[in-house]
Amino acid sequence: MKLLVTGGAGYVGSVNAAHLVEAGHEVVVLDDLSTGHADAVPEGARFVQGELSEAAGPLLAEGFDGVLHFAAKSLVGESVAKPELYWNGNVVATFRLLEAIREHGTPRLVFSSTAACYGEPEEVPIREDAPTRPTNPYGAGKLAIDTMITSYANAHGLAAVSLRYFNVAGAHGRFGERHAVETHLIPIVLQVASGSRESVAMYGDDWPTPDGTCVRDYIHVDDLAEAHQLALQKAEPSTHAIYNLGSGTGYSVQQVVEACRAITGHAIPAAVAPRRAGDPAVLIASAERAADQLGWKPSRSLQDMVGDAWRFTRERAQA
Ligand code: UFG
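Definitions and cut-offs
- Residues numbered from 1 in each chain as written.
- Predicted model: local features only at pLDDT ≥ 70, side-chain atom pairs only at ≥ 80, totals over all residues.
- Heavy atoms only, no water.
- Helix = DSSP H or I, 4+ residues; strand = E, 2+ residues; numbered from the N terminus.
- Rg over C-alpha atoms; globule rule 2.2 N^0.38 Å.
- Buried < 20%, exposed > 50% of the residue type's maximum accessible area, 1.4 Å probe, protein only.
- Contact = heavy atoms within 4.5 Å.
- Areas by Shrake-Rupley, 256 points an atom, 1.4 Å probe, with all protein chains shown as cover.
- Lys, Arg positive; Asp, Glu negative; His and termini not counted.
- Charge placed at Lys NZ, Arg CZ, Asp CG, Glu CD.
- Polar contact = N/O pair within 3.5 Å; in protein donor to acceptor, adjacent residues only side chain to side chain.

## Here's the deal with the overall build of the protein chain
When helices and strands are tallied, the protein chain shows ten helices and 13 strands. Radius of gyration (C-alpha) of the protein chain: 19 Å, near the 20 Å computed for a compact globule of 319 residues. For the C-alpha atoms alone, the extent of the protein chain along its principal axes is close to 55 × 45 × 40 Å. A total of 319 residues make up the protein chain; the buried ones form 52% of that total. Taking the contacts inside the protein chain whose residues are at least 6 apart along the sequence as the reference set, 79% of them involve residues at least 24 apart. Accessible surface, the protein chain: about 13600 Å² in total, of which carbon and sulfur atoms supply 50%. Of the charged side chains in the protein chain, 25 are positive and 38 negative; the average position of the first set lies 1 Å away from that of the second.

Here you go:
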């Protein structure tokens with residue numbers, strides 16, 4: 001298939017673009033490099049540097065079989081402080097992308113949605129029919145986009161899939177997580193192991209969880225990429241399918257830090273810090289719908305995620 005990958009110079013986008021090239025697809029990456037890296041675009045993909053709102057239309061006019069839409073701003077805290085960046089950069093820009101898709105008759109869309117659509121869950125594991133009550137503009141914007149996509153599928157025949165990621169981690173070869181502002185737990189802990197940070201702050205040890213630290217559902221970025229390929233194959237016209245992407249198993253912050261200690265052999269000093277505003281205690285996906293309907297089963301463990309992210313961190317430090 002000829003595929004447009006927006007945000008293909010970012011973490012999740014570049015890993016997906018690499019998988020798609022490896023699978024033999026013709027891949028065009030569109031990225032404005034606001035947070036991505038030109039050298040993260042995989043060999044074999046054509047790279048177009050440009051703004052989503054302006055560049056997607058002229059590109060789609062060439063004729064594409066589908067769009068995988070990763071381009072987005074993704075910092076929850078920033079979305080609270082500067083919501084305008086999220087409504088414009090995520091929601092308005094995706095509306096323009098949807099209009100370009102409609103105008104040029106692009107048949108398929110796979111969208112990077114998020115567990116943040118659900119907000120504070122009433123029960124875990126979280127199923128796709130759970131209430132959607134996002135607690136920040138990042139999640140609210142992604143949910144607004146999911147709502148727009150449903151209406152385009154219904155009205156205009158689009159074959160669409162939204163994948164609601166839980167906590168993505170790990171690396172794929174030379175493609176991995178390298179954010180200028182790092183907020184995610186595993187890369188932060190590995191920065192301590194590699195000596196570029198002194199210690200990790202664990203945000204709260206008084207949560208209602210077995211060891212008092214927050215529990216999350218971590219998913220390897222390679223498993224995530226495999227889900228995107230299945231979504232592309234299984235997308236049906238006039239249908240918007242929504243799937244949670246998680247393993248169905250939770251790990252606490254303490255357990256993640258311990259896994260990082262075991263894999264790196266580093267002591268990794270960790271200090272308990274105040275809770276971070278907006279963090280739910282426990283987020284675990286129900287992985288049932290993705291298993292039943294996509295035939296997707298994640299196969300990589302937390303140790304695989306930490307091991308691959310650690311290899312990536314050390315290789316970048318040596319580069
Ligand atoms: N944490 C720490 N110390 C840190 C960083 C994180 O203790 O220095 C904790 C957080 O409090 C949380 C867990 O580690 O309990 C995971 O935090 P991340 O920031 O890595 O991930 P989040 O669960 O906050 O966020 C993820 C995605 C978001 C998405 C959100 C949905 O990264 O994009 O899930 O809830 F919005």
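## Details of the side chain of S112
Topologically, S112 is positioned in strand β5 (residues 108-114). For S112, a relative accessible area of 5% puts it in the buried group. Within the structure, the side chain of S112 is placed 2.7 Å from the side chain of Y165, a separation counted as a polar contact. For S112, the contacting residues outside a window of four places in its chain are H69, F70, K142, L163 and Y165.

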